[in-house]
Amino acid sequence: MTTDAVARARGRVGKPAALLEVRSLSKRFGEVQANWDVDLTVLPGTVHGLIGENGAGKSTLLKMIYGVYTPDEGRMFVDGAPVSPGSPADARALGIGMVFQDLRLVPALTVAENIALALPDGPTLRLARLAARIAEASEAYGLAVDPSAKVRHLSIGERQRAEILKVLMTGARLVILDEPTSVLAPQEVEALFGVVAQLRDQGLGVVLVTHKLGEVRTIADQVTVLRGGQVILNAEDPGNFSDAELVEAMVGRRVPPLAVERVAVPPREQAVLELQGATALGDRGHVALKGVDLEVYPGELVGVAGVAGSGQKELCEVALGLRPVTSGAVRVGESVHGLTGAVAVPEDPVVDSVVPGLTVLEHMVLDGRAVPRRGLGIDWPAVGARTAVLDERVGLHMAPAKRTLSSLSGGNIQRVLLTRELGQDASLVVAAYPSRGLDVANTRRTQELLLEHRARGAGVLMVSEDLDELIAVADRIAVMHDGHLVGVVDTAGADRMSIGRLMLGGVA
Amino acid sequence: MIIDILAGAVRGGTSIMYAGLGETISERGGVINLGTEGAMLLGALGGYAVTAETGNPWLGVLGGALAGALLSLVHAVLVVSRRANQFASGLTLYFLALGVTALFGVSYVSQQINAFTPVPVPGLSEIPGIGPILFDHDPLVYIAYVAAPVIWWVLFRTRVGLLVRTAGERTEALEVHGYSVQAVRYCATVAGGALAGIGGAHISIAYANSWFENMIAGRGFIAVALVIFAMWNPIRIMAGAYLFGAALSLASVLQTSGIAVNQFALNAVPFVLTLVVLAVLGRRTMLAAPDELLKVFDNSRTT
């Protein structure tokens, strides 16, 4: 089929039967109205962009469509017939397929075995016959994968193709892609969109959940913006909207752009962080960091780009002395401009720096700084006062001091750690995915905080999977691939595609 | 004497193989059962008691399997439903089984039973060397020859096996396709316990032909260690089990041929062998471990 078919599908006389029609869906969790009166229509042969901040109700909506949650109110129709999927299996039987952000593949199994898991197909696996079917489907949808490869050995982009193929082979006509591009290099995003376009041309419906507005404009035929559980905007041809308009719909107010004017990077003196041939093992005992040379100088912000799992985590841990190097050297500058020490936000705060049972206030004294004392104990009122001042100055609005961290969402936990770490002076700042889980306004504030550190003369090392974010804030971008540092690019004049080539292991 | 040792290796390794195969299924499904030793003890007593009461060793095998399955069912309730610590539950169940079998086994000590006897395979058992080593044994030895490849096939070539492996690798993937992780883990753990029970029954009604307290003497723990260095592969379990069988039979052959070696030192050989193999392989084998099982080992994670 070609675009003609799409045109026909769209231009059909009268009302075309929607693949999926959601009417007045509402869902409440305790005090939180997660979805309120949500409408969504996906026509065959179209791509529907669904955007909204964290907590806007996107995943609640998807989970109701996919049968994980039951709506409190509202109706759903597939091909015009009323449905109420009670489980993911029900939803799949209706032709609804979901590609989760963290994928649901088993790394130790082959692609074919993973697909077999999804296909109820007799008591034995008959892998040869399955491989032939996979090859056929790969061909039909333009999704190249090797059925006999173990998922563990595939790149993120290949895994995603395998997952999409799995969903299609189970008979999905509506494919929901949950934040599919957040972990991909630009080239892989292009390839994915090629596949999405092909699915659309074959008359399937695609729901693309993303927070990257440019992507919605590029590929989507329709856009729905959720905020606070409600539909704020539903329109055709999102290309007609500007970033500012879509952000305003998402956030509810204008978010001023990041100031472009920066203090110039001071002339290079003593580096605050110097890695020479740093090599280190990962958690599974494999070599995860391979001979990395990198310096971070005072007053500069060095971004680290790379496909997830390319050694970024080990790089940060080596820089902070949390992971020993097996060879090479790590040097940390003693003090610059009167600043000393390092502050850090780890890649996975819940695992690495949160004590779930302690309160926000208690976390504020867990950073090794001097603590106000009263007798032998801690002067909690003084800590409370100090924390209130800190929260005000940092401006990320932490959760109430008495809440335990185990009761907070990922974004709120991130804000507690960011406030504690970025709220104090240091000569070296290491931030891994600092804006993970944050909404647009807090992401912007976090970027400002990192730039403030830079302006005060600290060296900042920042890992992000969002190239646009790195290009917006970093002075230089170090690109990692498979544990190697494959290139350091000056952000001025950097182009996304050449950084993408480096991320994929090629040469710029 | 070499032939005696090798024939003894096959005979003595069989019980370890059954238990190792069972533990492989259980661990592939994400559950470590240190109670394997206990399941073998219960299997040994259950098998012996049923054989003594009915006079039929085949019913004894069934009794042993049920006894082993029962203990593992308790383990499954604790670790799957109640999410208890797998090591604590397994060890406690071992001590429970040790006490229970000592208590209820008293009346069977020195009682005679109609035990399994060697059934030479016509023709094959005549082959010099190979015949006596492989084809002059009790029926459970022959069944074990088939069991290892069959279990390999079930694990790696059938849907049931795929579900078991997924339960041990990534439970989310199982849930998303509408399967119950708990059900799969229950089945894998109980099947593992039944096989350990058969291994125990082999000791009492085919190998020693008697019942005495603590007669498994650590074979269950060896089987658990064997699973790790066989990298969760049934075919390697087979090879490893016979290696330990050889270590066991070396002791008894030397003893019967009158060579003076300290008995306690000989009894320690299989365990020293286990330690040596673990030390040589280090954490390398752990790369083959099911991911969810690794979380049980990894005390830096909370789940």
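The shown structure was predicted, so the numbers you read here are calculated from the model rather than taken from an experiment.

A. Seen up close, the overall build of chain A. What chain A contains, in helices and strands, is 17 helices and 21 strands. Over its C-alpha atoms chain A spans a radius of gyration of 24 Å, differing by no more than 12% from the 23 Å that the globule rule assigns to 508 residues. Counting only C-alpha atoms, chain A reaches 75 × 50 × 45 Å along its principal axes. For chain A, with 508 residues in total, the buried portion stands at 53%. Partitioning the contacts of chain A with sequence separation of at least 6, the portion at a separation of at least 24 is 68%. Accessible surface, chain A: about 21,600 Å² in total, of which carbon and sulfur atoms supply 52%.

B. Layout of the interface of chain A and chain B. Between chain A and chain B, the contact holds 29 residues from the first and 22 residues from the second. Carbon and sulfur atoms make up 53% of the surface buried where chain A meets chain B, a total of about 2,100 Å² over both sides. Counting the surface chain A buries against chain B, the share from its top three residues, A:L117, A:L125 and A:R284, is 31%. Linking chain A with chain B are two salt bridges. Note that B:R165 and A:E113 form a salt bridge whose closest N and O atoms lie 2.9 Å from each other. Counting across the chain A and chain B interface gives eleven residue pairs in polar contact (both at pLDDT 80 or more).

C. The arrangement of the nonpolar core in detail. The biggest cluster of nonpolar side chains holds 180 residues, and the ones touching the most others in it are A:L165, A:I499 and B:M17. The biggest single contributor to this core is helix α9 (residues 181-207) of chain B, with eleven residues. Once residues lying within four places of it in the same chain are set aside, the contact partners of B:M17 are B:A144, B:A148, B:I237, B:M238, B:A241 and B:Y242. Grouped together as the second largest cluster of nonpolar side chains are 27 residues, A:L61, A:V83, A:A91 and A:I96 included.

D. View of helix α10 (residues 219-229) of chain B. Most of α10(B) sits out of view: ten of its eleven residues are buried. Those residues of α10(B) lying buried are B:R219, B:G220, B:I222, B:A223, B:V224, B:A225, B:L226, B:V227, B:I228 and B:F229.

E. A look at the pattern of salt bridges. All names here are of chain A. Counted according to the given criterion, the structure contains 24 salt bridges over all chains. K27 is paired through a salt bridge with D72; the nearest N and O atoms lie 3.7 Å apart. Within this pair, whereas K27 is found in strand β1 (residues 20-29), its partner D72 is found in the loop between α2 (58-65) and β4 (73-78), the two being separated by 45 residues in sequence. Classification of D72 as partly exposed rests on a relative accessible area of 44%. The shortest N-O distance in the salt bridge between K290 and D482 comes to 3.4 Å. Residue K290 is located in strand β12 (residues 287-296), and its partner D482 is located in the loop between β20 (476-481) and β21 (484-490); the two are separated by 192 residues in the primary sequence. The partly exposed category is assigned to K290, whose relative accessible area is 23%. A relative accessible area of 45% means that D482 is categorised as partly exposed. A single salt-bridge network, built from bridges that share partners, covers D283, K313, E317 and R323.

Rules used throughout
Residues numbered from 1 in each chain as written. Chains lettered and ligands numbered in written order. Predicted model: local features only at pLDDT ≥ 70, side-chain atom pairs only at ≥ 80, totals over all residues. Heavy atoms only, no water. Helix = DSSP H or I, 4+ residues; strand = E, 2+ residues; numbered from the N terminus. Rg over C-alpha atoms; globule rule 2.2 N^0.38 Å. Buried < 20%, exposed > 50% of the residue type's maximum accessible area, 1.4 Å probe, protein only. Contact = heavy atoms within 4.5 Å. Areas by Shrake-Rupley, 256 points an atom, 1.4 Å probe, with all protein chains shown as cover. Buried area = accessible area lost by both parts, 1.4 Å probe. Salt bridge = Lys/Arg side-chain N within 4 Å of Asp/Glu carboxyl O. Polar contact = N/O pair within 3.5 Å; in protein donor to acceptor, adjacent residues only side chain to side chain. Core = buried A, V, L, I, M, F, W, Y, C linked by side-chain atoms within 4.5 Å.

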